[in-house]
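Chain and residue survey
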Amino acid sequence: MSNLISIKSATLSEDISQQLTNAIVQGYIPQGSKISEPELAKQYGVSRGPLREAIVKLEGLGLVTRTANVGARVIELNTQDMLDTFTMREALEGMAARLAASTMPSEEINSLYALLDKHQAYLDANQDEHYVQQGGNDDFHLRIIHASGNAKLIRLLTEELYAIIRMYRRHTADQRSDPRQALREHKAILDAIANHEGDLAELLMRRHISRASQLLKQAMEHSAVASRT
């Protein structure tokens with residue numbers, strides 16, 4: 001019985017952590033805001049135990065920081081942290097693209113081409129609105145990461161970095177331009193993977209993410225200036 005209870009508790013805390021992660025990424029829980037355990041326990045209808053476990057996981061994801069005598073707070077995004085995060089992402093996703101060029105089955109490649117066609121149709125129908133809002137960018141990148149077949153690489157990118165990456169992208173989505181350029185870069189990366197050109201796939205992925213980090217940097221700097229005026 002005690003084992004069953006612990007399994008249910010773990011499942012509940014995982015569910016709560018997912019909900020809190022999405023709330024933070026989407027901005028429903030604002031940057032810098034204090035995490036109130038009593039309020040969240042009431043909001044989600046759970047006891048404090050699973051909630052605390054969920055908050056610990058959020059700390060591990062880098063979404064929450066805890067200070068002695070102050071408590072837990074949602075992080076506040078900053079340019080240097082973004083650049084550090086995207087430098088890691090560039091190296092790791094470049095490696096994932098290289099590996100995927102050797103391991104991705106043709107069925108998955110064809111499925112990704114279909115996904116990019118879907119993204120193209122979305123841009124055509126919505127005046128080039130960023131499809132990041134539909135999770136399109138995450139779908140493409142995550143599927144290449146999983147196709148790498150490297151369990152440690154997958155864990156690093158999907159469990160330890162992607163929540164904070166999503167938060168940065170959501171924060172600046174309306175200020176970034178030319179979603180068609182991102183789509184063209186995605187297609188070039190996929191072409192390299194389909195042709196089993198690992199070196200080229202890695203190079204294109206690294207360039208793609210480096211460009212994204214510079215656009216994010218400009219957007220964050222613009223947002224900081226605008227907030228002071």
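What counts as what
Residues numbered from 1 in each chain as written. Predicted model: local features only at pLDDT ≥ 70, side-chain atom pairs only at ≥ 80, totals over all residues. Heavy atoms only, no water. Helix = DSSP H or I, 4+ residues; strand = E, 2+ residues; numbered from the N terminus. Buried < 20%, exposed > 50% of the residue type's maximum accessible area, 1.4 Å probe, protein only. Contact = heavy atoms within 4.5 Å. pLDDT = per-residue confidence, 0-100. Axes fitted to C-alpha atoms, helices over the stretch in contact; angles between N-to-C directions. Parallel < 35°, antiparallel > 145°, perpendicular 65-115°, else oblique. Left-handed = near helix turned anticlockwise from the far one by under 90°. Salt bridge = Lys/Arg side-chain N within 4 Å of Asp/Glu carboxyl O. 1 Å grid on protein atoms, 1.4 Å probe; cavity = no way out; pocket = protein on both sides within 12 Å on 5 of 7 lines; lining within 4 Å. Points joined across faces, edges and corners; volume = space filled by probe spheres on them. Nonpolar A, V, L, I, M, F, W, Y, C, P; charged D, E, K, R; others polar. Domains from an automatic or database assignment. Expected span 1.5 Å × (residues − 1).

1. Side note on the overall build of the protein
Each helix and strand counted, the protein has nine helices and two strands in total. Traced from its N-terminal end to its C-terminal end, the protein shows the element sequence α-α-α-β-β-α-α-α-α-α-α. Residue burial in the protein is summarised as follows: out of 229 residues, 42% are buried. Within the protein, contacts between residues at least 6 apart in sequence are counted, and of these 78% link residues at least 24 apart.

2. Describing the confidence of the model for the protein
Across the protein, the average pLDDT comes to 86, with 86% of residues at or above 70. The lowest-confidence element of the protein is helix α1 (residues 2-26), averaging 72 in pLDDT; the highest-confidence one is helix α4 (residues 79-103), averaging 96. For the stretch residues 1-8, pLDDT sits under 50, and the model shows zero contacts to residues farther than four places along the chain or on other chains.

3. Focus on the packing of helix α2 (residues 37-44) against helix α3 (residues 48-60)
Where α2 meets α3, the closest approach of the two axes is 10 Å, and the angle between their N-to-C directions is 110 degrees. Judged by the angle between their axes, α2 and α3 are roughly perpendicular. Handedness of the α2/α3 crossing: right-handed. Across the interface between the two elements, Glu37, Pro38, Leu40 and Ala41 of α2 pack against Arg48, Leu51, Arg52 and Ile55 of α3.

4. Details of the pattern of salt bridges
Here the structure, examined in full by the defined rule, presents twelve salt bridges. In this structure, glutamate 14 and lysine 57 form a salt bridge, with 2.8 Å as the shortest nitrogen-oxygen distance. Taken as a pair, glutamate 14 in helix α1 and lysine 57 in helix α3 lie far apart in primary sequence, 43 residues in all. Lysine 57 gets classed as partly exposed once you look at its relative accessible area, which sits at 35%. Residues arginine 48 and glutamate 37 are paired through a salt bridge, measuring 3.1 Å at the closest nitrogen-oxygen approach. In this pair, arginine 48 sits in helix α3 while glutamate 37 sits in helix α2, placing the two residues eleven residues apart along the sequence.

5. Remarks on the layout of surface pockets
A water-sized probe rolled over the atoms picks out the places where empty space is left. Considered as a void within the structure, the largest pocket measures approximately 340 Å³ in volume. Contributing to the lining of the largest pocket are 16 residues, with Gln18, Leu61, Thr158, Glu159 and Ala163 lying nearest its centre. Elements that contribute at least two residues to the lining of the largest pocket include exactly α1, α3, α6 (136-147) and α7 (151-172). At six residues, α7 tops the list of elements feeding residues into the lining of the largest pocket. Its residues placed into classes, the lining of the largest pocket shows four nonpolar, six polar and six charged. Shared between two domains, the lining of the largest pocket holds at least three residues of each, these being domain 1 (8-74) and domain 2 (79-227).

6. Comments concerning helix α8 (residues 179-194)
For α8, with 16 residues, the first-to-last C-alpha span of 23 Å sits near the 22 Å given by 1.5 Å per residue. Two residues or fewer after α8 comes histidine 196, characterised by a positive phi angle close to 60 degrees.

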